[in-house]
Amino acid sequence: MLQEIKDKFKELYEQEPLVVRSPGRVNLIGEHTDYNDGFVLPAAINKEIYFAVAPNNTNTFRAYAYDLQEGGEFDLGQVQRSEKSWANYLLGVVAQLQQAKYEVKGFDLVYGGNIPIGAGLSSSAAVECGLAYALNHIFGFNIPKFDLVKMAQLAEHEYAGVKCGIMDQFASMYGRQDHAVKLDCRSLDFDYYHLEMADYRIVLCDTQVKHNLASSEYNTRRQECEAGVALLQRHYPQVKSLRDVTVPMLELHQEEFEPTVYRRCTYVVHENIRVEEACQALEQGDMKTFGEKMYASHRGLQHDYGVSCPELDFLVDQAREMDSVLGARMMGGGFGGCTINLVKLEALDAFIQSMEEAYKLQFGIALKTYVAEIVDGSSLVEPSQI
Ligand code: GLA
């Protein structure tokens with residue numbers, strides 16, 4: 001794939017490119033907590049987007065989306081949203097750099113990869129982070145990596161129209177091989193946790209569905225969380241987000257809440273606690289407890305936060321029946337995409353086969369599965385690695 005992208009670049013633009021890779025992500029636990037100033041535990045995976053890029057000494061950028069076999073040319077003097085939806089992730093990054101007063105000169109680009117689109121593995125974050133990383137490099141901007149993450153996130157807000165938290169872009173940029181990274185989405189402090197995977201594998205089961213509720217409900221959840229914060233602030237002025245809320249605070253004021261808002265808030269408060277507990281379990285090498293936290297997270301997402309769907313619930317229920325699975329839950333925004341499963345290596349093939357059969361029987365859909373390897377975040381690819 002890498003070679004093909006590089007070859008295409010040379011064919012189209014007749015020069016030698018710089019090559020960058022940028023991964024998708026999984027999230028082990030800590031869902032819908034990032035925009036509540038809470039904790040997340042993602043990791044970058046071996047599903048990646050590759051970029052071949054070089055300056056072109058003009059005032060336009062030319063981009064070619066290898067997977068779609070579609071190209072476009074964009075005026076850097078007039079960056080705005082495009083009708084080509086794929087281009088908006090690129091334009092959004094360029095716009096952020098320009099707003100921060102970096103002089104983006106003309107460049108040529110070919111990009112493509114193997115992150116399934118719409119599966120909740122953050123292909124868009126990988127595109128945004130990869131381009132930000134590449135432009136930072138070819139133009140020598142020297143922008144600190146965390147600022148690139150924030151620019152990538154704002155690109156998603158302003159050009160893709162999704163008010164996402166910071167998790168996906170952070171994971172794509174800061175991932176580390178064989179580690180999950182716990183991010184405190186308030187202080188932006190982070191710690192790496194080694195994943196002892198000799199006996200386990202992370203398996204993603206892709207429902208192949210994406211219910212169109214996803215983005216509207218995402219924004220509704222954000223509002224519901226804000227409503228809960230506003231209510232509690234009347235009693236506890238120090239509360240700035242659900243991160244500051246404890247279980248006793250919630251319980252004491254339960255009757256004042258609209259019941260749905262109460263359940264949303266309960267989920268978030270408990271999910272933050274679960275991330276802490278899951279990280280302790282990782283430190284102790286206690287994968288059994290870790291897996292139990294994953295199941296508990298799913299129950300919360302299903303019943304309290306209301307972002308699951310029948311396909312995801314079915315897959316988690318199936319996994320729960322199998323002794324070879326330590327934990328499973330829906331992953332990402334919800335309403336489709338993937339479940340993440342922690343599976344004993346010795347039973348890997350049997351797990352995959354049984355999930356595929358059950359899903360086919362229930363929904364008539366061919367389940368896709370991916371065994372995720374945990375890799376480094378965005379980086380340059382040396383010519384010798386291609
Ligand atoms: C999407 C968003 C993330 C995060 C998750 C839910 O992936 O892009 O910022 O909010 O949903 O945890």
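Each remark here, short or long, concerns the structure printed above.
Remember, it's a predicted structure, so these values are computed and weren't measured experimentally. Every chain is numbered on its own, with residues counted from 1 as its sequence reads. At least 70 in pLDDT is required for a residue's local features to be given in this predicted model, at least 80 for side-chain atom pairs to be given and counted, and no such filter applies to totals for whole chains, interfaces and linings, which use all residues. Derived side-chain values reflect all non-hydrogen atoms in the structure, with water molecules and hydrogen atoms excluded from consideration.

Side note on the sheet that holds strand β10 (residues 325-330)
Line of reasoning, step 1. The criterion for strand pairing is that DSSP finds at least two bridges linking the strands in question. Runs of E in the DSSP output that reach at least two residues are strands. Runs of H or I that reach at least four are helices, and both are numbered from the N terminus. What the 4 strands build is an open sheet, ordered β10-β11-β9-β12; its pairing is antiparallel. Looking at the sheet topology across the chains shown, the edges are occupied by β10 and β12 (368-372). Sheet twist, expressed as the mean angle between neighbouring strand axes with direction ignored, is 20 degrees.
Line of reasoning, step 2. Bridge count between β10 and strand β11 (residues 336-344): 5 bridges; the pairing is antiparallel. Of the residues in β11, the one forming a bridge with G327 is L342.
Line of reasoning, step 3. Here helix α10 (residues 310-320) sits on the sheet in contact with β9 (200-210), β10 and β11, set at roughly 10 degrees to β11.
Line of reasoning, step 4. Sheet strands touched by helix α11 (residues 348-363): β9, β10, β11 and β12. Its angle to β9, the strand with the most contacts, is close to 15 degrees. Axes here refer to lines fitted to C-alpha atoms; in helices the fit is confined to the stretch in contact. Angles between the N-to-C directions go from 0 to 180 degrees. In this description, contact between two residues means that some pair of their heavy atoms is separated by no more than 4.5 Å.

Some remarks on the environment of K10
Line of reasoning, step 1. Here K10 is to be found in helix α1 (residues 2-13).
Line of reasoning, step 2. Each residue is assigned to one of three classes by its accessible area relative to the maximum for its type, calculated with a 1.4 Å probe on protein chains only: buried under 20%, partly exposed between the two thresholds, exposed over 50%. For K10, a relative accessible area of 34% corresponds to the partly exposed category.
Line of reasoning, step 3. Taking the C-alpha atoms as reference points, K10 and V110, 100 residues apart in sequence, are found 9.5 Å from one another.
Line of reasoning, step 4. Look past the residues within four positions of K10 in its chain and what remains in contact with it is Q15, E16 and P17.

Digging into the site of the ligand
Line of reasoning, step 1. Inspection of the region around the ligand gives R25, E31, H32, D34, Y35, C164, G165, M167, D168, Y218, G332 and G333 as its neighbouring residues.
Line of reasoning, step 2. Polar contacts, as used here, are pairs of N or O atoms within 3.5 Å; protein pairs need one atom able to donate a hydrogen and one able to accept it. Residues neighboring in sequence count only if both atoms are side-chain atoms. Take H32: an N or O atom from its main chain is 2.6 Å from an oxygen atom of the ligand.
Line of reasoning, step 3. Interatomic distance of 2.9 Å between a backbone N/O atom of G165 and an oxygen atom of the ligand.
Line of reasoning, step 4. When the ligand sits alone it has 300 Å² of accessible area, and the protein chains cover 91% of it.
Line of reasoning, step 5. Classes in brief: Ala, Val, Leu, Ile, Met, Phe, Trp, Tyr, Cys and Pro nonpolar; Asp, Glu, Lys and Arg charged; the others, Gly included, polar. Classifying every residue of the shell around the ligand gives 4 nonpolar, 4 polar and 4 charged.
Line of reasoning, step 6. Here the shell around the ligand gathers at least three residues from each of two domains, domain 1 (2-194 + 376-385) and domain 2 (200-372). Near residues are defined by distance, with any heavy atom within 4 Å of the molecule or strand qualifying the residue. For the accessible areas, the method is Shrake-Rupley and the probe is 1.4 Å, while residue cover comes only from the protein chains on display. Annotation comment: domain bounds sourced from an automatic or database domain assignment.

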